[in-house]
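Topology and contacts: notes
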Amino acid sequence: QVQLVESGGGLVQAGASLRLSCVTSGRTSVSSAMGWFRQAPGKEREFVAAISWRFVNTGYADSVKGRFTISRDYGKNTVYLQMNSLKPEDQAVYYCARRDTYYSGRGLFPTGVNEYDYWGQGTQVTVSS
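Below is a short write-up of the structure. Here the structure is a predicted model, which is why all the values come from computation and not from measurement.

For the chain, the helix and strand inventory stands at 0 helices and 11 strands. For the chain, the sequential pattern of α-helices and β-strands runs β-β-β-β-β-β-β-β-β-β-β. For the chain, the C-alpha radius of gyration of 14 Å lies close to 14 Å, the compact-globule estimate for 129 residues. Judged by the C-alpha coordinates and their principal axes, the chain covers about 40 × 30 × 25 Å. Counting all 129 residues of the chain, 42% fall into the buried class. Across the chain, contacts joining residues at least 24 apart in sequence account for 59% of those joining residues at least 6 apart. Counting every atom, the chain has about 6800 Å² of accessible surface; 46% of that belongs to carbon and sulfur.

Let us now look at the pattern of salt bridges. Inspection of every chain in the model, using the stated rule, returns 5 salt bridges. Measuring nitrogen to oxygen at the nearest pair gives 2.7 Å for the salt bridge that ties Arg38 to Glu46. Overall, Arg38 belongs to the buried group, its relative accessible area being 5%. For Glu46, a relative accessible area of 37% puts it in the partly exposed group. In this structure, Asp100 engages Arg98 in a salt bridge whose closest nitrogen and oxygen atoms are separated by 2.8 Å. For the residue pair Asp100 and Arg98, the accessibility class agrees, reading buried in each case.

Turning our attention to the sheet that holds strand S3 (residues 18-25). Paired through their backbone hydrogen bonds, the strands of a sheet run either parallel or antiparallel. The sheet built from 4 strands is open, its strands ordered S1-S3-S8-S7 with antiparallel pairing. Of all the strands in the sheet, just strand S1 (3-7) and strand S7 (68-73) have a single pairing partner and so form its edges. Neighbouring strand axes in the sheet, compared pairwise and without regard to direction, differ in orientation by 15° on average. Of the pairings in the sheet, the one linking S7 to strand S8 (residues 78-83) comprises 6 bridges and is antiparallel in character. Paired with Asp73 across the two strands is Thr78, which belongs to S8.

Reading the values: the criteria
Residues numbered from 1 in each chain as written. Predicted model: local features only at pLDDT ≥ 70, side-chain atom pairs only at ≥ 80, totals over all residues. Heavy atoms only, no water. Helix = DSSP H or I, 4+ residues; strand = E, 2+ residues; numbered from the N terminus. Rg over C-alpha atoms; globule rule 2.2 N^0.38 Å. Buried < 20%, exposed > 50% of the residue type's maximum accessible area, 1.4 Å probe, protein only. Contact = heavy atoms within 4.5 Å. Areas by Shrake-Rupley, 256 points an atom, 1.4 Å probe, with all protein chains shown as cover. Salt bridge = Lys/Arg side-chain N within 4 Å of Asp/Glu carboxyl O. Pairing = 2+ DSSP bridges. Axes fitted to C-alpha atoms, helices over the stretch in contact; angles between N-to-C directions.

Honestly, it's all geometry; don't read function into it.
In structure tokens, the structure reads:
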């Protein structure tokens, strides 16, 4: 049974850094990908970053390139999102997602909400100005 649990959210000032963690359970496959999404009030859930589980390829939304870094610890079944230079517009609930089947769509990683199979409960990131 696959489960994902996020942690690390909190309240920070603009310009500060924060690291999110997501621990997943269940057997992964050679095709597994882990992604981070976020959703602000009144907005749709949007793609933030993704990483391939076995080969450590990464991808980012344009809005976070140069500020956020996704990584994973294979032995701990954990994916991280290091967020630097946080802006008020980054404030949202951040969700960890997982896909286990081979992706044959456009781009290196799936970026749509409907293209992931499992989701965590979310962790709140609040950025004050």
